[in-house]
Amino acid sequence: PRDWFSVGDRTVASLAEMDVILMRKDPPFDMEYIYATYILERAEDGGALVVNRPQSLRAANEKAFVSWFPECAVPTLISRSLTEMDGFIDEHGGAVVKPLDLMAGTSVFVTGPEDPNRRVLLETMSGNGSRYVMVQRYLPEVVEAGDARILLIDGDPIPYALVRFAPPGDHRANMSVGARTETRPLTEAEQRICDQVGPVLHEMGLVFVGIDVIGDYLTEINVTSPTGIRELDRATGSNIAAKLLDTAESHLQPP
């Protein structure tokens, strides 16, 4: 709980001298985040292995990246148009509205055709049509089936899902807001989604990723600091961190 590590003599060194650099920074996905990927890209050019690849961190926005997998993603709209967002919500009968740059359920709303606050919610989230936001079809099965977090290492899924259930009085199934968790083997639908997403992650150098699945649908692809390792390790007796570090070591170029 305390003093689990100590800092020895400090040494200033070039990032390019490192063997492996683990890029694990919580969003927001802002310009400081972008600047960090520029610096890490120079380290990569100098010979360091960066997990995950800086170019791919820029390319794979954790919300928008699901659009690259329309065959398994929940119906999704990314727009600044209040008219388009209204039409999407009317068409699907209910929706989840999310910012594109935050995490842990921050500013995630559920709304529907009969919600009297829908218009002001969309205006606020989009800055009256000046900012892009994500609108996804609401999946009512999340109440009973939960929101499954699946970890993939170099495109290969850990064979267990960490399923999160929203706490009473909240619609968000995030551990940061008190979600209850269960662990179970992957379903056939989840394995099919991993089979589609995994090869792309491998090709992009996204070595450590957490995807979110509700029922049969992919909802998010978390590429920066996905959680769930400790909970899955405790429940299954696995050592996911060791698998991640062994995988990183296997990517190192021989001297």
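Scroll up a little and you will see the structure.
Quick look at the structure, then. Please read all numbers here as calculations on a predicted model, not as lab measurements. Residue positions are given per chain, counted from 1 along the sequence in the order it is written. Confidence filtering applies because this is a predicted model: local features only for residues at pLDDT of at least 70, side-chain atom pairs given and counted only at 80 or more, and all residues used for totals across whole chains, interfaces and linings. Hydrogens are left out, water is left out, and the side-chain values use all remaining heavy atoms of the structure.

**Overview of the overall build of the protein chain**
What counts here: Every helix listed is a DSSP run of H or I at least four residues long, and every strand listed is a run of E at least two residues long, numbered separately from the N terminus. What the globule rule says is 2.2 Å times the number of residues to the power 0.38, and the radius of gyration is computed from C-alpha atoms. Working rule for contacts: check all heavy atoms of both residues, and any pair within 4.5 Å makes them a contact. Residues counted as positive are Lys and Arg, residues counted as negative are Asp and Glu, and His and the chain ends are not counted. Working definition for charges: the position is that of NZ of Lys, CZ of Arg, CG of Asp or CD of Glu.
Looking only at helices and strands, the protein chain has eight helices and twelve strands in total. Over its C-alpha atoms the protein chain spans a radius of gyration of 19 Å, differing by no more than 12% from the 18 Å that the globule rule assigns to 255 residues. Viewed in the frame of its principal axes, the protein chain has a C-alpha envelope of about 60 × 40 × 40 Å. For the protein chain, the share of sequence-separated contacts (at least 6 apart) that also reach a separation of at least 24 residues comes to 65%. One finds the centroid of the 23 positive side-chain charges in the protein chain at a distance of 4 Å from the centroid of its 38 negative side-chain charges.

**Looking at the pattern of salt bridges**
Rules: Salt bridge, as used here, is a side-chain nitrogen of Lys or Arg placed within 4 Å of a carboxyl oxygen of Asp or Glu. Type-normalised accessible area, obtained with a 1.4 Å probe on protein chains alone, sets the label of each residue: buried when under 20%, exposed when over 50%, and partly exposed for intermediate values.
Applying the stated criterion to the full structure yields twelve salt bridges. One salt bridge in this structure joins glutamate 220 and lysine 98, with 2.8 Å as the shortest N-O distance. Taken together, the positions of glutamate 220 in strand E12 (residues 217–222) and lysine 98 in strand E4 (residues 95–98) put the pair 122 residues apart, joining distant regions of the chain. Residues glutamate 220 and lysine 98 agree in their burial class; the two are buried. Bridged by salt links that share partners, the residues Asp86, Asp90, Arg118, Arg119 and Glu123 form one connected network.

**Quick look at the nonpolar core**
Taken as a class, soluble globular proteins show a tendency for nonpolar side chains to be buried jointly. Using the following cut-off: Here, the term nonpolar core denotes a set of buried Ala, Val, Leu, Ile, Met, Phe, Trp, Tyr and Cys residues that are joined through side-chain atoms within 4.5 Å.
Core analysis: the biggest nonpolar cluster contains 35 residues, and Phe65, Ile150, Leu201, Leu206, Ile211, Leu218 and Ile221 have the highest contact counts within it. Broken down by secondary-structure element, the contributors of at least two residues to this core are helix H1 (31–45), strand E7 (147–153), strand E9 (160–165), helix H6 (188–203), strand E11 (208–214) and E12. At four residues, the largest contribution of residues to this core is made by H6. Beyond its immediate sequence surroundings of up to four residues, leucine 218 is in contact with Val66, Phe69, Cys72, Ala73, Val74, Ile193, Val197, Ile211, Asp212 and Val213. Membership of the second largest hydrophobic core comes to 13 residues, among which are Leu49, Ile153, Leu162 and Phe208.

**Considerations on the pairing of E11**
The line we're drawing: Only strands that DSSP links by at least two bridges are regarded as paired with each other.
Where burial is concerned, most of E11 is hidden: seven out of the seven residues are buried. The side-chain alternation of E11 yields two buried faces, one formed by Phe208, Gly210, Asp212 and Ile214 and the other by Val209, Ile211 and Val213. In terms of strand pairing, E7 meets E11 through six bridges, oriented antiparallel. Looking at E11, one finds that leucine 152 is bridged to valine 209. Sheet topology note: the E11/E12 ladder contains five bridges and is antiparallel. The partner of glycine 210 across the bridge, within E12, is asparagine 222. The antiparallel hairpin formed by E11 and E12 contains two residues in its connecting segment, where glycine 215 sits at a positive phi of about 60°.

**A few points about the packing of aromatic side chains**
Where we set the bar: Centres within 6.5 Å are what make two rings of Phe, Tyr or Trp a pair, Trp counting through its six-membered ring; a difference in plane orientation under 30 degrees is then read as stacked, over 60 as edge-to-face, and the rest as tilted.
Taken as a whole and assessed by the stated rule, the structure comprises five aromatic pairs. Look at phenylalanine 65 and tryptophan 68: their rings are 5.9 Å apart centre to centre, the planes differ by 50°, and that puts the pair in the tilted class. Geometrically, the ring pair formed by phenylalanine 65 and phenylalanine 69 is edge-to-face, given 5.5 Å between the ring centres and 80° between the ring planes. Phenylalanine 65 gets classed as buried once you look at its relative accessible area, which sits at 2%. One aromatic cluster is present, formed by Phe65, Trp68 and Phe69 through successive ring pairs.

**Things to note about the side chain of threonine 247**
Tracing the sequence through the fold places threonine 247 in helix H8 (residues 240–251). Here threonine 247 is in contact with Ile153, Asp154 and Val207, once residues within four sequence places are set aside.

**Some points on empty space enclosed by the protein**
Taking a probe equal in size to a water molecule and rolling it over the atoms shows the remaining empty space. Heads up, the rule is: Detection works on a 1 Å grid of protein atoms alone, calling trapped sets that fit a 1.4 Å probe cavities and calling open sets with protein on both sides within 12 Å along at least five of seven lines pockets, with lining residues defined by an atom within 4 Å of a point. Grid points are joined across faces, edges and corners, and a volume is the space filled by probe spheres set on the points. Each residue is assigned to one of three groups, with Ala, Val, Leu, Ile, Met, Phe, Trp, Tyr, Cys and Pro labelled nonpolar, Asp, Glu, Lys and Arg labelled charged, and all others, Gly among them, labelled polar.
Scanning the entire structure with this criterion turns up two cavities of 30 Å³ or more. Roughly 60 Å³ of internal volume is contained in the largest cavity. Along its surface, the largest cavity is lined by ten residues, and Pro27, Phe29, Asn61, Glu62 and Leu100 are the ones closest to its centre. Across the lining of the largest cavity, the residue classes tally to five nonpolar, two polar and three charged. When its volume is computed, the second largest cavity comes out at roughly 30 Å³. Lining the second largest cavity are Leu22, Met23, Arg24, Val51, Asn52, Phe208, Val223, Thr224 and Pro226.

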